[in-house]
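# Structural overview for review
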Amino acid sequence: APPPAATTVPSPASPATTDMVASGASSERAGARIGFALGAAALASLDGVGPAILPVVRFDAALGPWVGLEAEAAGFGTRPTVGRPGASARVAQQYALLGACVCAPSMARLRPVVGLSAGVLRTAAVGEADAPLQGHSVARWSFVVEASAGARLRLAKRTHLTAALHVQVAEPYVDIRVVNAGSATSGRPNVLVTFAVGEWL
């Protein structure tokens, strides 16, 4: 009699194969450690300055599954006016910050983003006045602390949109005085709303 035909039984995927698939998915997420974003900020003080629209650039570095470092700078935007025609000052503000954030890469479609940063704020005021008054220009650097909270929406594999509310407190804050037109302060506090599109590399 002829020998019985060999029977082939399909075997489940080996643990090594499964591990390779799982590790490949996680490494894809873990490989994105550095990110950058470009956007805009609307900045205003709660005492008479603003709003101003500023371009924003941001860099992120992931330290773990949630926590990361964040560096942000903004400036060279619009200059709101304090005062009135004949006696006024145009105010320009720039800032640079470095801090910690909950902002690491995630496969979640939507996730919260919070941060705490410190850095410098530069406030410059250019006075304009009709004769016999004279306008003066001043600039001051301040230490600034910022707290932020918002949300990050994943648009594509590594592309995201971030919207956040920020509160800045400066020391010393800047007091801008315009003769016969009152005064305003900057950094006591400043409030910002930012929108930025970013990419993890």
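Scroll up to find the structure this text is about.
This text gives an overview of the structure that appears in the document. Just so it is clear, the structure is predicted and the values come from calculations on it, not from any experiment. (Residues numbered from 1 in each chain as written. Predicted model: local features only at pLDDT ≥ 70, side-chain atom pairs only at ≥ 80, totals over all residues. Heavy atoms only, no water.)

In this section: the side chain of Arg152. Mapped onto the elements of the fold, Arg152 is located in strand 7 (residues 137-154). Within the structure, the side chain of Arg152 is placed 3.5 Å from the side chain of His160, a separation counted as a polar contact. If we ignore the near neighbours within four places in the chain, the residues touching Arg152 are Arg58, Asp60, Cys103, Arg109, Leu110, Arg111, Val113, His160, Leu161, Thr162 and Trp200. (Helix = DSSP H or I, 4+ residues; strand = E, 2+ residues; numbered from the N terminus. Polar contact = N/O pair within 3.5 Å; in protein donor to acceptor, adjacent residues only side chain to side chain. Contact = heavy atoms within 4.5 Å.)

So, on to a nonpolar patch on the surface. Residues Leu155, Leu161, Leu165, Val193, Phe195 and Val197 make up a contiguous nonpolar surface patch of roughly 500 Å² in combined accessible area. Mapped onto the nonpolar patch, the elements with two or more residues apiece are strand 8 (159-171) and strand 11 (190-200). Counting residues per element, the nonpolar patch draws most heavily on strand 11, which supplies three residues. Residue position: Phe195 is located in strand 11. (Patch = residues over 30% accessible without salt bridge, like charges linked within 9 Å, V, L, I, M, F, W, Y side chains within 5 Å. Areas by Shrake-Rupley, 256 points an atom, 1.4 Å probe, with all protein chains shown as cover. Salt bridge = Lys/Arg side-chain N within 4 Å of Asp/Glu carboxyl O.)

Moving on to the pattern of salt bridges. Pairing is possible between side chains of opposite charge, provided their charged atoms come close. Applying the stated criterion across every chain yields a total of three salt bridges. Salt-bridge contacts for Arg58 lead to Glu72; the nearest nitrogen and oxygen are separated by 2.9 Å. Here Glu72 lies in strand 3 (residues 67-74) and Arg58 lies in strand 2 (residues 52-62), a separation of 14 residues in the sequence. Arg58 sits in the buried class, given a relative accessible area of 3%. Because the salt bridges share partners, they merge into one network encompassing Arg58, Glu70 and Glu72. (Buried < 20%, exposed > 50% of the residue type's maximum accessible area, 1.4 Å probe, protein only.)

Judged by its relative accessible area of 5%, Arg152 is buried. Between the alpha carbons of Arg152 and Ala164 there is a distance of 8.6 Å; along the sequence they are twelve residues apart.

This brings us to the pairing of strand 1 (residues 34-45). Pairing geometry for strand 1 and strand 2, over ten bridges, is antiparallel. Its bridge partner being in strand 2, Ile34 is matched across the sheet by Ala61. Hairpin connection, strand 1 to strand 2: the antiparallel pair is bridged by six residues, and Gly48 has positive phi, about 105°. (Pairing = 2+ DSSP bridges.)

Before going further, it helps to spend a moment on the nonpolar core. Core analysis: the biggest nonpolar cluster contains twelve residues, these being Ala41, Leu43, Ala52, Leu54, Val56, Ala74, Tyr95, Leu97, Leu121, Val144, Ala170 and Leu192. No other element matches the three residues that strand 2 contributes to this core. Ignoring sequence-local partners within four residues, the contact set of Tyr95 consists of Ala41, Leu43, Leu54, Val56, Glu72, Ala73, Ala74, Val120, Leu121, Gln168 and Leu192. (Core = buried A, V, L, I, M, F, W, Y, C linked by side-chain atoms within 4.5 Å.)

It is worth spelling out unusual backbone geometry at this point. Cis rather than trans, the peptide bond between Gly50 and Pro51 has omega equal to 0°. Inspection of the secondary structure assignment puts Pro51 in the loop between strand 1 and strand 2. Note the cis peptide between Arg188 and Pro189, where omega equals -10°. In this model, Phe76 sits at a positive phi of 55°, which is unusual for a non-glycine residue. When you line up the elements, Phe76 lands in the loop between strand 3 and strand 4 (81-84). According to the relative accessible area criterion, Phe76 is exposed, its value standing at 79%.

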